[in-house]
Amino acid sequence: LGPFEGADTVSRGHATIEHIGSTYQLTDLNSTNFTRINGKRLDAGVPTSISDGDTLQFGKIQCTFKKG
């Protein structure tokens, strides 16, 4: 995410996205500027399911999750 505007709000180890079976999970890694799904702040260390079309936010950077 380094080249994007707002990247200075993304931690080096900000969050993980894992593909487990047929689901995807996003986990905040105790980031300084938080991780959000559809505007809801995640608790650090708690894996949270994400779905196609969800809005993910890492600090000030927003993106839309699309299943491959």
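On a predicted model such as this, the values are computed, not experimentally measured, just so you know.

Here is what the cut-offs are and how they apply
- Residues numbered from 1 in each chain as written.
- Predicted model: local features only at pLDDT ≥ 70, side-chain atom pairs only at ≥ 80, totals over all residues.
- Heavy atoms only, no water.
- Helix = DSSP H or I, 4+ residues; strand = E, 2+ residues; numbered from the N terminus.
- Rg over C-alpha atoms; globule rule 2.2 N^0.38 Å.
- Buried < 20%, exposed > 50% of the residue type's maximum accessible area, 1.4 Å probe, protein only.
- Contact = heavy atoms within 4.5 Å.
- Areas by Shrake-Rupley, 256 points an atom, 1.4 Å probe, with all protein chains shown as cover.
- Lys, Arg positive; Asp, Glu negative; His and termini not counted.
- Charge placed at Lys NZ, Arg CZ, Asp CG, Glu CD.

Time to look at the overall build of the protein. Secondary structure assignment for the protein yields zero helices and seven strands. Helices and strands in the protein line up, N terminus first, as β-β-β-β-β-β-β. Over its C-alpha atoms the protein spans a radius of gyration of 11 Å, differing by no more than 12% from the 11 Å that the globule rule assigns to 68 residues. Here the C-alpha coordinates of the protein stretch approximately 35 × 20 × 20 Å along the principal axes. Considering the protein as a whole, with its 68 residues, one finds that 29% of them fall into the buried category. Sequence separation of 24 or more characterises 29% of the internal contacts of the protein that already satisfy a separation of 6 or more. A total of about 4500 Å² of accessible surface is found on the protein, and carbon and sulfur atoms cover 47% of it. Of the charged side chains in the protein, 7 are positive and 7 negative; the average position of the first set lies 2 Å away from that of the second.

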